[in-house]
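# Tertiary structure, described
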Protein chains: 2
Amino acid sequence: MASTTNYTPPLLDLTIDNITENVVRINSQSSDARLNYLMERLVTHLHDFARETRLSTHEWMAAIQFLTKTGQMCSDVRQEFILLSDILGLSMLVDSIDHPKPPNCTEGSVLGPFHTGDAPHLPIGSSMSSDAAGEPMLALCTVSDSSGRPISGVKVDIWETDSSGHYDVQYANRDSPSERCVMTSDVDGGFWFKAIKPVSYPIPDDGPVGKLLRQLNRHCWRPAHMHFMFEKQGLDPLITTLFLRGDKYETSDVVFGVKTSLVIDLDKVDEETAAKYGVPVGALLLRHNFVLASTEETEKLRDNNAMEAMERLGLKTKLIDHLPVPDLD
Amino acid sequence: MASTTNYTPPLLDLTIDNITENVVRINSQSSDARLNYLMERLVTHLHDFARETRLSTHEWMAAIQFLTKTGQMCSDVRQEFILLSDILGLSMLVDSIDHPKPPNCTEGSVLGPFHTGDAPHLPIGSSMSSDAAGEPMLALCTVSDSSGRPISGVKVDIWETDSSGHYDVQYANRDSPSERCVMTSDVDGGFWFKAIKPVSYPIPDDGPVGKLLRQLNRHCWRPAHMHFMFEKQGLDPLITTLFLRGDKYETSDVVFGVKTSLVIDLDKVDEETAAKYGVPVGALLLRHNFVLASTEETEKLRDNNAMEAMERLGLKTKLIDHLPVPDLD
């Protein structure tokens, strides 16, 4: 008791009007200034939400049950909370905040709930799809820095659905990864692989998130796309997606991931390319150069954006480890 | 496509600055005005939280994992999300908003995560505890309305921990309910039962909520108390708690549930009472009259509070089914 009385007021007779400041105060005892700040903003918004909506006990209980079901829908191969974050636009927002892109760099998009850690590391030139029903597509890609220099040794994670619009992890009998792989860019920053043409597909709608979308009269579709994630020491990790132009859902992606610069046209493989890469003439061809920012470039931009934003919001903060905390000095 | 273009803008190239309005817009297509309003406030606060904290991808992922673990800690007999709501002060706030009390009525407190639906209906005068190690306590209670008239036929749910500070559901080998019961008030509004003296106890701290409390340097204790829930057609349901005066945690309840009017003194059973109720002279005695508001009284107060609050917040709303929605007329 004595150890806390110095820091906190008696937590007694709390009312609609004074509960927030008291909860914030008792949540401010950590030595981690960032945690204290996150909790202060979280509790303030949570309480303001309840006050502005006059949230009923019945609605509160519905939310408790919704969150419980969402957690219980998660497994090693399904992440319903990421899906929820995606359809609320939070995932795109956080990516935009944390990974701002210098001019000319490839824009980011949502990670989504279907990335796995078990994709096989394949040599350049491999096929990453075993789906014979898919339309074959050759992908010829390069990675460069913001001044156009190729970057070798970049770890590239690639994943897409099969031709029916399902990721491997959506099959109950999945015994090994499919339509996903990891490659490493070569000395010229290049990596190429055989895949299948991406198709548009509905996100899993048999859980709480699907139910919510139906209640909101929203569709659950994503336009045809392929996921890429790039990592190398000294580079800001890039999580992005390429979308096929002309998809029915191009301007209504359920997870808000589409950016004009990420919408691409597929080409057709000509004779020379066919011979060089061992694919049929006329097969679909995806060509793309990914431009990655350095850690330094991104950090500088992120810090500047943060300080400007906090000033615009009228919040007096300083950055610790590149993240804002209240500036009490 | 045609069916949505009338209602939503192209969801493309969303930025930190325009994503919120666009997500809100696509979430406004339900015919349920209340749902649209809840989603609008939810998305606005969620996005503002990310913008004001410059939430990092790393922190976002930690939150995803925290929520996932919280959901997966829930079972038929454990509700970790209610516990989370409790320690963030949200549960107390929602109860205060949804169940305002007219003058003289008994104040409310948190439901907590340990109420169950399987408590036995016991006749008045029963013992609701089978814990021989507990200090015996006789409880003599009445229920009345706000003008002091006794109310018969009220269903009263009562639950407390055993003498070690654990609810029955916290035991892995629980085969039947213990330290909990349901009674019905008699023609004089009375109900009485044999119980044990409540003890202070730590909320379950082996899950994500316990970990969060430790990170926040907060203790996880509740002062000694007994839970009561009252229900009868025509009455506003009352969820409340009686606390024993002088508890070490009286002014630092981890779930913010204590109100001065709910802190009581125990008495000792005198000879006459001992003979009448068949308990030893000198045993502990809890006497309390619970005063319940009618549905009508509560609704009127809730509606007034809501309209006043929304006006103070500068929000133009009207009430539908006693809950605010934007007034667009």
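Scoring rules and cut-offs
Residues numbered from 1 in each chain as written. Chains lettered and ligands numbered in written order. Predicted model: local features only at pLDDT ≥ 70, side-chain atom pairs only at ≥ 80, totals over all residues. Heavy atoms only, no water. Least-squares fit on C-alpha atoms with pLDDT ≥ 70 in both. Contact = heavy atoms within 4.5 Å. Helix = DSSP H or I, 4+ residues; strand = E, 2+ residues; numbered from the N terminus. Buried < 20%, exposed > 50% of the residue type's maximum accessible area, 1.4 Å probe, protein only. Core = buried A, V, L, I, M, F, W, Y, C linked by side-chain atoms within 4.5 Å. Domains from an automatic or database assignment. Pairing = 2+ DSSP bridges. pLDDT = per-residue confidence, 0-100. UniProt positions renumbered as here; feature names shortened; annotations may be inferred. Axes fitted to C-alpha atoms, helices over the stretch in contact; angles between N-to-C directions. Parallel < 35°, antiparallel > 145°, perpendicular 65-115°, else oblique. Left-handed = near helix turned anticlockwise from the far one by under 90°. Nonpolar A, V, L, I, M, F, W, Y, C, P; charged D, E, K, R; others polar. Polar contact = N/O pair within 3.5 Å; in protein donor to acceptor, adjacent residues only side chain to side chain. Phe/Tyr/Trp six-rings, centres within 6.5 Å; stacked < 30°, edge-to-face > 60°.

## Some remarks on the relation of the copies chain B and chain A
Put simply, the second copy of the chain is the first one after a rotation about an axis and a shift along it. When chain B is fitted onto chain A, the two copies agree to an RMSD of 0.0 Å after a turn of 180° and an axial shift of 0.0 Å. The operation mapping one copy onto its partner corresponds to a two-fold rotation axis. Among all residues of chain B, the minimum C-alpha distance to the rotation axis is found for B:Gly71, at 2.0 Å. In this assembly the copies share their binding face: 100% of the residues contributing to the interface of chain B also contribute to that of chain A.

## Thoughts on unusual backbone geometry
For residues besides glycine, phi is generally negative; the peptide bonds are generally trans as well. Here the phi dihedral of A:Asn104 falls at roughly 80°; this positive angle occurs in a residue that is not glycine. Note that A:Asn104 resides in the loop between helix 6 (90-98) and strand 1 (136-145). In this structure, B:Asn217 takes a positive phi of about 60° despite not being glycine. Here B:Asn217 shows up in the loop between helix 7 (208-215) and strand 6 (221-222). Owing to a relative accessible area of 49%, B:Asn217 belongs among the partly exposed residues under this scheme.

## Notes on the nonpolar core
Grouped together as the largest cluster of nonpolar side chains are 76 residues, with contacts concentrated most on A:Ile87 and B:Ile87. Both domain 1 (1-55) and domain 2 (80-293) of chain B contribute no fewer than three residues apiece to this core. If near-sequence neighbours (up to four positions away) are discounted, A:Ile87 is found in contact with A:Ile203, A:Val209, A:Leu212, A:Leu213, A:Arg218, A:Val254, A:Val255 and A:Phe256.

## Digging into the pairing of strand 11 (residues 284-292) of chain B
All names here are of chain B. In terms of residue burial, strand 11 counts as a mostly covered element, since seven of its nine residues are buried. Pairing of strand 1 (residues 136-145) with strand 11 involves nine bridges; the strand directions are parallel. In the strand pairing of strand 11, Thr142 is matched with Asn289. In terms of strand pairing, strand 10 (residues 267-268) meets strand 11 through two bridges, oriented antiparallel. The partner of Lys268 across the bridge, within strand 11, is Leu284.

## Quick notes on the confidence of the model for chain A
All names here are of chain A. On average, chain A scores 94 in pLDDT, and the residues at 70 or more come to 97%. Confidence drops under pLDDT 50 across residues 1-6; counting only partners more than four residues distant or on other chains, this segment forms four contacts. This prediction of the complex comes with two scores: 0.93 for pTM and 0.94 for ipTM.

## A few points about the UniProt feature "domain: Intradiol ring-cleavage dioxygenases" (unreviewed entry) in chain A
UniProt records the feature "domain: Intradiol ring-cleavage dioxygenases" (unreviewed entry) at residues 127-292 of chain A, using the numbering of this structure. In residues 127-292 of chain A, helix accounts for 9% and strand for 35%; the two terminal C-alpha atoms are 25 Å from one another.

## Observations concerning the packing of helix 3 (residues 33-53) of chain A against helix 6 (residues 90-98) of chain B
Between helix 3 of chain A and helix 6 of chain B, whose axes approach to 10 Å, the crossing angle comes to 15°. Between helix 3 of chain A and helix 6 of chain B, the angle is such that the two are roughly parallel. For the pair helix 3 of chain A and helix 6 of chain B, the sense of crossing is right-handed. Residues A:Leu46, A:His47, A:Ala50 and A:Arg51 of helix 3 of chain A form the contact with helix 6 of chain B, whose own contacting residues are B:Leu90, B:Leu93, B:Val94 and B:Ile97. Among the residues making up the contact of helix 3 of chain A with helix 6 of chain B, the classes are represented as six nonpolar, one polar and one charged.

## Details of the sheet that holds strand 7 (residues 225-231) of chain B
All names here are of chain B. Across the sheet, which stays open at both edges, the five strands sit in the order 3-2-7-8-9 with mixed pairing between neighbours. The sheet terminates laterally at strand 3 (180-184) and strand 9 (263-264), the two strands that pair on one side only. Of the pairings in the sheet, the one linking strand 8 (residues 238-244) to strand 9 comprises two bridges and is parallel in character. By the bridge assignment, Phe243 is partnered in strand 9 with Val263.

## Structural notes on the side chain of B:Arg41
Within the secondary structure layout, B:Arg41 lies in helix 3 (residues 33-53). With relative accessibility at 13%, the residue B:Arg41 sits in the buried group. Engagement of the side chain of B:Arg41 in a polar contact is seen with the side chain of A:Glu52, the distance being 2.8 Å. Leaving out residues up to four positions away in the same chain, B:Arg41 has contacts with A:Phe49, A:Glu52 and A:Thr53.

## Here's the deal with the packing of aromatic side chains
Residue and element names in this part refer to chain A. For the coordinates displayed, the defined rule picks out 23 aromatic pairs over all chains. Relative to Phe290, the ring of Phe191 lies with its centre 6.3 Å away and its plane at 25°, an arrangement referred to as stacked. Here Phe191 is found in strand 4 (residues 190-196), whereas its partner Phe290 is found in strand 11 (residues 284-292), with 99 residues between them in sequence. Accessibility classification places Phe191 together with Phe290 in one group, the buried group. Put simply, the rings of Phe191, Phe193, Phe228, Phe230 and Phe290 touch in pairs and so form one group of aromatic residues.

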